[in-house]
Each structure stands twice: as structure tokens, then as C-alpha cells.
Amino acid sequence: MKDKLIIASKKFNSRLIVGTGKYKNMFECAKAIKLSGADIVTVAVRRVNISDKNKPLLMDYIDPKKITYLPNTAGCFTSKDALRTLRLAREIGGWKLVKLEVLGDKKNLFPDMIETLKSTEVLSKEGFKVMVYCNDDPLMSKRLENVGASAIMPLASPIGSGLGILNKINIQIIRKQTKLPLLIDAGLGQASDATIAMELGCDGVLVNTAIAKAKKPFEMAQAFKNAVIAGRQSYLSGRIKRTIKGSPSSPITGII
Amino acid sequence: MKKIKKIKIKVNGKIITIIDKFTLGELVNDLKIPLSKIAIEFNKEIVDKKRIKKIKLKNNDIIEIVHFIGGG
């Protein structure tokens, strides 16, 4: 049986979700996504440019029939704005699987968990399958689960910071308490951060800046792909116990 | 000669002048973006895209037309 990522009853081959922002151009974005092997990409909802009708469209470069679009509420600071954004996203073409992100702090981009919790409840009741960007707080994660979240997505560190996972213990506590898909969202800086996330037992990771802003985005996209696979395999393989004593790898009998 | 009546509407934050009796469908058509790639809000309410040909625009209408772009 193949080890698949299952979110809201939908199965995905890749455990790496990538963002489509911050790339130099659409071509670079589309190629990096292909190389990453991602089945899901996050997208933003924004105004159509009415004065430049020839602007390239994301959908012309990344086919939503081949890759799952995950509409995101990035840039929303209130529940009202987030709900409006996702209702519009659904209207574009029936998108129900969405990523909720309600920010509360313009400097660090930390989520406003009160607004996030309210929005999750409303959206779930409206039939949305909500993947929720949140703090690495076990109690809030539980509350999100209780109001119908489809996936818990705690930050590793502030969005775009590249600091990696700051609180492994909290991620492990959340992992132990929930059967919902758990994905690390935001803050990863290099491929090994993704491996660590997977080794902590996360079901997947979401990466944007670390790939888009790498010196070589195509190579980094592949590095993240491999890192996620390695981390998952490592997690499923069961690591050895940590010990402060040495234990020889070669037999100690028959030494000449 | 009869003067054509013009009205002012706001589309994506910009005030534009159009001829009277223009429909929302005609306005969207003018943008040359397939309907399958956008969502439309008409005076703060999401519109069913099948209905836009029937909506006549009036002075001071506010329209938001959105689509997906790259984002994290």
C-alpha cells in the first residue's frame, strides 16, 4: 500500500505543498513546482488588473486540473476579510479545500488565533475543508480541531524567516494529540528543516520562500522534494533510542 | 442627435465611465478573461456568474473582480 497524504478524504502522492508567490516570473514558478513534485499549490485571491489585459494568468502556467489549487487568505487581518476571500475563491470554480490564514501581527506575521478560530468554525459549517495556519500551540490546535478544521498547520517560525522549526516539543505534543493531518507551514529555510518536520511525525510541509528565494530555486525545489521523502521514510522506519553511552558497530569478539 | 447617457461605476477600486444600460456580463467580457478563472462581487455580494448577463449596471455600483495569483 502506498503511503499517501490524505486531507479531507482526498489522497495526494506528495507530502510537499508549495507556495506560488515570490518567484521572478510565472515560468520560474511553474518549473519549480514541477520539479518539487507537489500535488498541491497555495494561491492568493487578488483583484484582476483591469488596466493591463495582457498580464499572464497563473492558471495559464499551472493547470488546476493537474495540480490542486489551495486558495489561501494570505494578507487577511480579520475574520471578515478571510471569509470574503475564501467565499470568492470558491466561486471561481468550486474550491472547497482552502487554507485559512488570519494574521494579527504585521511585523512577525503571527496568526491572530481568536479570529482564526472564529473563521474556522464559520467556514467548516459552510462546507469548506479548512487547513488552518496556526501557532504551535497544542491547546489552540485542539480547539481548531473541535470546530471542524480539516488540517492543522502550525508555523515552524515566522513566515519567510527561514529560521526553521523553533519549537519541536510543541509540534510533537500536537502530533500526539491529533489524528488530523498535521503540516508545518511557514518558516522553513532549507531542505533539512523539512526532513526534521517529517521526522517529528508531521504529515507534510508547506514551503514557499525557501524555494522561491533560493539562489537556485529549481535545485532547491528538488532538494525539498527529496528531504520530505527522506524525513517520512525515516519517521516510518523508527529511529534508535538516544543514549549517552557509546555502542560499537563492530563485534567485540574475535579481535586480533 | 440624442446624447448617450453615461454612468460612473467603481471596478476594482477604480472609477470608470461607461454607457448606460451596460450589463455586468458585458463589462466582464470586455476584460477578456475567461469566466472560469474569476469571481465577481457586485455591491458587496458574490454574484452567480450565470446571472451576470442579466444584471444592468447603475450609477455608483461597486464591482470587484478577482482571480488567483501566485501566493504562499
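Quantities reported herein were computed from a predicted structural model and do not represent experimental measurements.

S.K.: Just to check I follow, could you spell out the overall build of chain B for this structure?
M.R.: The number of helices and strands found in chain B is one helix and five strands. Secondary structure elements of chain B occur, N-terminal to C-terminal, as β-β-α-β-β-β. Here the C-alpha coordinates of chain B stretch approximately 55 × 25 × 20 Å along the principal axes. The buried share of chain B, reckoned over its 72 residues, is 24%.

S.K.: Help me out: how do you make sense of the pairing of strand E8 (residues 151-154) of chain A in this one?
M.R.: The two faces of a sheet get side chains in turn, since along a regular strand they alternate between them. All names here are of chain A. Of the two faces of E8, the one lined by Ala151 and Met153 and the one lined by Ile152 and Pro154 are each fully buried. Here strand E7 (residues 129-134) pairs with E8 via four bridges, running parallel. Among the inter-strand pairings, Tyr133 is bridged to a residue of E8, identified as Met153. On the question of chirality, the crossover connecting E7 to the parallel E8 by way of helix H5 (residues 138-146) is right-handed.

S.K.: Please clarify how the interface of chain B and chain A should be interpreted in this entry.
M.R.: How big an interface is tends to be reported as the loss of accessible area on association of its parts. Listed by partner, the interface residues are 21 residues for chain B and 29 residues for chain A. Among the elements of the structure, strand E3 (39-42) and strand E5 (62-70) of chain B are those that each provide at least two residues to the side of chain B that touches chain A. Ranked by the residues each element gives to the side of chain B that touches chain A, the list is headed by E5 of chain B, at seven residues. Within the side of chain B that touches chain A, the residues separate by chemical class into 10 nonpolar, six polar and five charged.

S.K.: Help me out: how do you make sense of the nonpolar core in this one?
M.R.: Ranked by size, the top nonpolar core spans 92 residues in total, and within it Val132, Ala194, Val205, Val207 and Phe224 of chain A carry the most contacts. Those residues in contact with Phe224 of chain A, other than ones at most four positions away along the chain, are Leu16, Ser36, Ala191, Ala194, Val207 and Ile211 of chain A.

S.K.: I keep staring at the packing of helix H1 (residues 26-36) of chain A against helix H9 (residues 217-237) of chain A and nothing clicks. Help me out?
M.R.: Working note: a packed helix pair is described by the angle between its axes plus the distance between those axes. Residue and element names in this part refer to chain A. Direction vectors running N to C along H1 and H9 enclose 25 degrees, while the axes themselves pass 8 Å from each other. In this view, H1 runs roughly parallel relative to H9, as classed from their interaxial angle. With respect to the hand of their crossing, H1 and H9 are arranged in right-handed fashion. For the pair H1 and H9, contact is made by Glu28, Lys31, Ala32, Leu35 and Ser36 and by Pro217, Phe218, Ala221, Gln222, Phe224 and Lys225, respectively. Per-class residue counts for the contact of H1 with H9 are six nonpolar, two polar and three charged.

S.K.: Honestly, the confidence of the model for chain B in this entry has me stumped. Any pointers?
M.R.: Residues shown with low pLDDT carry predicted positions that ought not to be read at fine detail. Residues and elements named next belong to chain B. Here chain B averages 88 in pLDDT, while 97% of its residues score no lower than 70. The secondary-structure element of chain B with the lowest mean pLDDT is helix H1 (residues 24-30), recorded at 88, while E3 shows the highest, at 94. Our summary of model confidence lists the complex with pTM equal to 0.90 and ipTM equal to 0.89.

Cut-off values and rules
Residues numbered from 1 in each chain as written. Chains lettered and ligands numbered in written order. Predicted model: local features only at pLDDT ≥ 70, side-chain atom pairs only at ≥ 80, totals over all residues. Helix = DSSP H or I, 4+ residues; strand = E, 2+ residues; numbered from the N terminus. Buried ≥ 20, exposed ≤ 12 C-beta atoms within 10 Å, placed from the backbone. Pairing = 2+ DSSP bridges. Right-handed = clockwise from strand over helix to strand, strands pointing away. Contact = placed C-beta atoms within 7 Å. Nonpolar A, V, L, I, M, F, W, Y, C, P; charged D, E, K, R; others polar. Core = buried A, V, L, I, M, F, W, Y, C linked by C-beta atoms within 7 Å. Axes fitted to C-alpha atoms, helices over the stretch in contact; angles between N-to-C directions. Parallel < 35°, antiparallel > 145°, perpendicular 65-115°, else oblique. Left-handed = near helix turned anticlockwise from the far one by under 90°. pLDDT = per-residue confidence, 0-100.

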